[in-house]
Amino acid sequence: MVHRPRTDHRFDPAIERLRAIAGPAGDGYIHFHKDRCIDDALRLARLYPGARILNLGGKPYLFEFIAAELGLQVDTVDLAPDRNPAEIETLGGNVSQVDIEDSASRESLDLAAYNVICMAEMLEHLRIDLIGTLRFLASRMRGDARLYLTTPNFYFAASFLKMLAQGRSGPDLVGEWRKLDAIGHMGHVREYSRRELDELFHFAGFAIEDFLVRNTREVSLREGGIAQLPFRALARLLARTCDRFGQELVYTLRPA
């Protein structure tokens, strides 16, 4: 059964603090990702109490604001921390400038200092060296450390049916690549299926310790007007009831 986390309002004050700093530019991200980030933080707090966590990819630091409310120890690396100086200053966290796909840049990381490496909704953005990056993590992490990784499911019902209708195999190429100039990091290079990721992780030197499919937001029946109602109702049913068509893939990995 697909996991559906409940909205947890105890984090609303922290989220509103971030919203006030980020302004209108952050509203969309916060709206669509707050339940996911809350669920990630709660899962990590439950699975690894007292863990020291390295979060790969911080912008706009929603996970960090939520994790701070749980007392989690989180250090963060980001391509360009100077994009969000006010958020980082308010958070008071440790944020370093590192490109995890660049072999020279990532050499500065001491992965052995962390119990958990968090790679949430980042894998789909990697565009240079996917296998090399994962092998770097597997080889430098402590043997008892874990990689917590989430990524969109290629077969998420709403997206997959939309791609079929539009004759596409993924997100708009031009739009996703142009984000490099517009916001400073890559959009989605591509999204993956569970089988593809299982093969990739084993090849890169990881063993899969835990896996689940998660829906952090419901497929809306209101978008697109009355003509799309049957399509969206089918997508909601599939996403709710079948792992193959859920929204996100959530892995806990350990070095093999």
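Quick caveat: nothing in here was measured; it's all calculated off a predicted structure. (Residues numbered from 1 in each chain as written. Predicted model: local features only at pLDDT ≥ 70, side-chain atom pairs only at ≥ 80, totals over all residues. Heavy atoms only, no water.)

Let's shift gears to the overall build of the protein chain. Along the protein chain, the regular secondary structure elements total nine helices and seven strands. Over its C-alpha trace the protein chain gives a radius of gyration of 18 Å, about what one expects of a compact globule, namely 18 Å for 256 residues. In terms of principal-axis extent, the alpha carbons of the protein chain reach across some 55 × 45 × 40 Å. Across the 256 residues of the protein chain, 46% fall into the buried class. Restricting the contact set of the protein chain to residue pairs at least 6 apart, pairs at least 24 apart contribute 74%. When the accessible area of the protein chain is evaluated, it comes to approximately 12,700 Å², of which 51% is carbon and sulfur surface. Each charge class in the protein chain can be summarised by its mean position, and for the 33 positive and 36 negative side chains these summaries are 5 Å apart. (Helix = DSSP H or I, 4+ residues; strand = E, 2+ residues; numbered from the N terminus. Rg over C-alpha atoms; globule rule 2.2 N^0.38 Å. Buried < 20%, exposed > 50% of the residue type's maximum accessible area, 1.4 Å probe, protein only. Contact = heavy atoms within 4.5 Å. Areas by Shrake-Rupley, 256 points an atom, 1.4 Å probe, with all protein chains shown as cover. Lys, Arg positive; Asp, Glu negative; His and termini not counted. Charge placed at Lys NZ, Arg CZ, Asp CG, Glu CD.)

Any two packed helices are characterised by how steeply their axes cross, that is the angle between the axes, and by the distance between the axes. One can describe the packing of helix α2 (residues 24–47) onto helix α3 (residues 62–69) by two numbers: an axis separation of 9 Å at closest approach and a directional angle of 45°. Relative to α3, α2 is oriented oblique. Both α2 and α3 take part in a crossing whose hand is right-handed. The residues of α3 that touch α2, namely those facing Y29, I30, H33, K34, C37, I38, D40, A41 and L44, are L62, F63, I66 and A67. Split by residue class, the contact of α2 with α3 holds ten nonpolar, one polar and two charged. (Axes fitted to C-alpha atoms, helices over the stretch in contact; angles between N-to-C directions. Parallel < 35°, antiparallel > 145°, perpendicular 65-115°, else oblique. Left-handed = near helix turned anticlockwise from the far one by under 90°. Nonpolar A, V, L, I, M, F, W, Y, C, P; charged D, E, K, R; others polar.)

Per the stated rule, a full pass over the model turns up five aromatic pairs. With a centroid separation of 5.8 Å and 65° between ring planes, the pair formed by F154 and F160 is classed as edge-to-face. Each ring, one from F201 and one from Y251, has its centre 4.9 Å from the other, and the planes form 80°; the classification is edge-to-face. You can see F201 sitting in helix α8 (residues 194–204) and its partner Y251 sitting in strand β7 (residues 248–255), a full 50 residues away along the chain. Here the two residues F201 and Y251 agree in accessibility, since each one is buried. By the ring-pair criterion, three or more aromatic residues cluster together here, those being F154, Y155 and F160. Between the NZ or CZ atom of R244 and the centre of the ring of Y155, over which it lies, the distance is 5.7 Å. (Phe/Tyr/Trp six-rings, centres within 6.5 Å; stacked < 30°, edge-to-face > 60°. Lys NZ or Arg CZ within 6 Å of the ring centre and 35° of its normal.)

Within the largest apolar cluster, 34 residues are counted, with the highest numbers of intra-cluster contacts made by M119, L123, L134, L137, L147 and F201. Mapped onto this core, the elements with two or more residues apiece are β1 (52–56), β4 (116–120), α5 (130–140), β5 (146–152), α8, β6 (206–214) and β7. Among the elements that take part in this core, α5 stands out by supplying five residues, more than any other. Those residues in contact with L123, other than ones at most four positions away along the chain, are L130, L134, L149, T151, Y192, L197 and F201. F63, F65, L212 and V250 belong to the second-largest nonpolar core, a separate cluster that totals 27 residues. (Core = buried A, V, L, I, M, F, W, Y, C linked by side-chain atoms within 4.5 Å.)

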